[in-house]
Amino acid sequence: MLCKDEDQLKDKLVALFSNTNPEYIQNAVTAAQNELSRKVKQMRADMERLFDSQIQTLKDRGCPSQIIEALVNGRAKVKVIDHAQTLNIADCNLPFAPVITPLYLGYHGIVAMVRNGDKSGYTYLDPRQIIDEEKVPTGLYYHFDIEDGTSRLGKKPEVSDRDIRSEKRLRSVAAEVVSIGTHTNELSRHYMDAVGSRYGSVGVPYLCLIGDRPKLGWDCLGDGDDRWGAASCGSRLEL
């Protein structure tokens, strides 16, 4: 994100430096440095607010205090935000979100924190049949530069699976689409496939609304629907 801004500033400065007196150059450099510093501070403040709002969401959803404490203990907040600031995050992507893995609460527990109005999420899936193909941390972690599947609506999961990998991005697993559903209202717009996971041999987990209630279900890899899109992220960071 910052690298792109710096490159743009450099290009502007090169143009300004041509046939320009030293005093004007120094003023331009100072102005550019001040603007970049302002952007950095604003971005960090925005990310701190996002971090705090996500923690508050987990508290409001009844997440156990021990997990909340683990997410905020020590330098976790600084670690997450420092990492996020090194990334070139697309404007339409969510910068980061915490992932509570099934090791802590099981799938029934984490899906219950997804809400649509006053309706909590549920699943009838057999947790033993959900297998992550992506290598993800077993403990608490954050995923970054999150694309919620909007760009892949209507694509078959098996196609999105190949496309995400070819783009050098990471396929979202079941716990990660649950994280997106917990911290955004994306389900009101579309549903999400988790092509980084499998259910049985030919199934892929998804998060959707049944009636007005969030559900973690599954469908076949070869089935596509305009309401579904495969989510992905740019990186992961274990706490």
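Above this note sits the structure.
First, a word on what this report is: a plain description of the structure on this page. Treat the numbers as computed from the prediction; the structure is a model and nothing was measured.

Conventions used here
Residues numbered from 1 in each chain as written. Predicted model: local features only at pLDDT ≥ 70, side-chain atom pairs only at ≥ 80, totals over all residues. Heavy atoms only, no water. Phe/Tyr/Trp six-rings, centres within 6.5 Å; stacked < 30°, edge-to-face > 60°. Helix = DSSP H or I, 4+ residues; strand = E, 2+ residues; numbered from the N terminus. Pairing = 2+ DSSP bridges. Axes fitted to C-alpha atoms, helices over the stretch in contact; angles between N-to-C directions. Buried < 20%, exposed > 50% of the residue type's maximum accessible area, 1.4 Å probe, protein only. Arc of directions from axis to C-beta. Polar contact = N/O pair within 3.5 Å; in protein donor to acceptor, adjacent residues only side chain to side chain. Contact = heavy atoms within 4.5 Å.

## A look at the packing of aromatic side chains
Counting across every chain of the model gives eight aromatic pairs. Consider the rings of Tyr206 and Trp228, whose centres lie 5.4 Å apart with planes at 75 degrees: the pair is edge-to-face. A residue pair is termed long-range when its members are at least 10 positions apart, and Tyr206 in strand S10 (residues 203-210) and Trp228 in strand S12 (residues 228-230) qualify at 22 residues. One aromatic cluster is present, built from ring pairs that chain together Phe51, Phe96, Tyr142 and Phe144.

## Things to note about the environment of Lys135
Position of Lys135 relative to the elements: it lies in the loop between strand S5 (130-132) and strand S6 (141-146). For the pair Lys135 and Gly196, spaced 61 residues apart in the sequence, the C-alpha separation amounts to 8.8 Å.

## Quick look at the sheet that holds strand S14 (residues 235-238)
Taken together, the three strands give an open sheet; going across it, the order is S1-S6-S14, and neighbouring strands pair in antiparallel fashion. For this open sheet the edge positions go to strand S1 (94-99) and S14, each flanked by a neighbour on one side alone. Each strand of the sheet is rotated relative to its neighbour by a mean of 20 degrees, with strand direction disregarded. When S6 meets S14, the two strands line up antiparallel, connected through four bridges. Residue pairing across strands places Tyr142 opposite Leu237, the latter belonging to S14.

## A closer look at helix H4 (residues 76-85)
Those residues of H4 that sit buried are Ala76, Val80, Ile81, Ala84 and Gln85. What you see down the axis of H4 is that its buried residues fit within an arc of 160 degrees, all on one side.

## Digging into the pairing of strand S11 (residues 213-220)
Inspection of the sheet shows strand S4 (residues 122-123) paired to S11 by two bridges, in the parallel sense. Counted as the bridge partner of Thr123 is Leu216 from S11. Two strands pair when backbone bridges link them, and S10 and S11 are joined in this way by eight bridges, in the antiparallel orientation. Within S11, the position partnered with Cys208 by the bridge is Lys215. Counting the residues that bridge the hairpin from S10 to S11 gives two residues, and of these Gly211 lies at a positive phi of roughly 70 degrees.

## Considerations on the side chain of His190
Tracing the sequence through the fold places His190 in the loop between helix H7 (174-183) and strand S8 (191-193). Since its relative accessible area comes to 4%, His190 is described here as buried. There is a polar contact of 3.3 Å between the side chain of His190 and the side chain of Asp148. Every residue in contact with His190, bar those within four places of it in the chain, is listed here: Asp148, Gly149, Thr150, Leu153 and Arg227.

## Topic: unusual backbone geometry
One non-glycine residue with positive phi stands out, namely Asp145, at about 50 degrees. Mapped onto the elements, Asp145 comes out in strand S6. Note on Asp145: relative accessible area 12%, which makes it buried.

## Regarding helix H3 (residues 65-72)
Those residues of H3 that sit buried are Ile67, Ile68 and Leu71. Taken around the axis of H3, the buried residues stretch over an arc of 100 degrees, which confines them to a single face.

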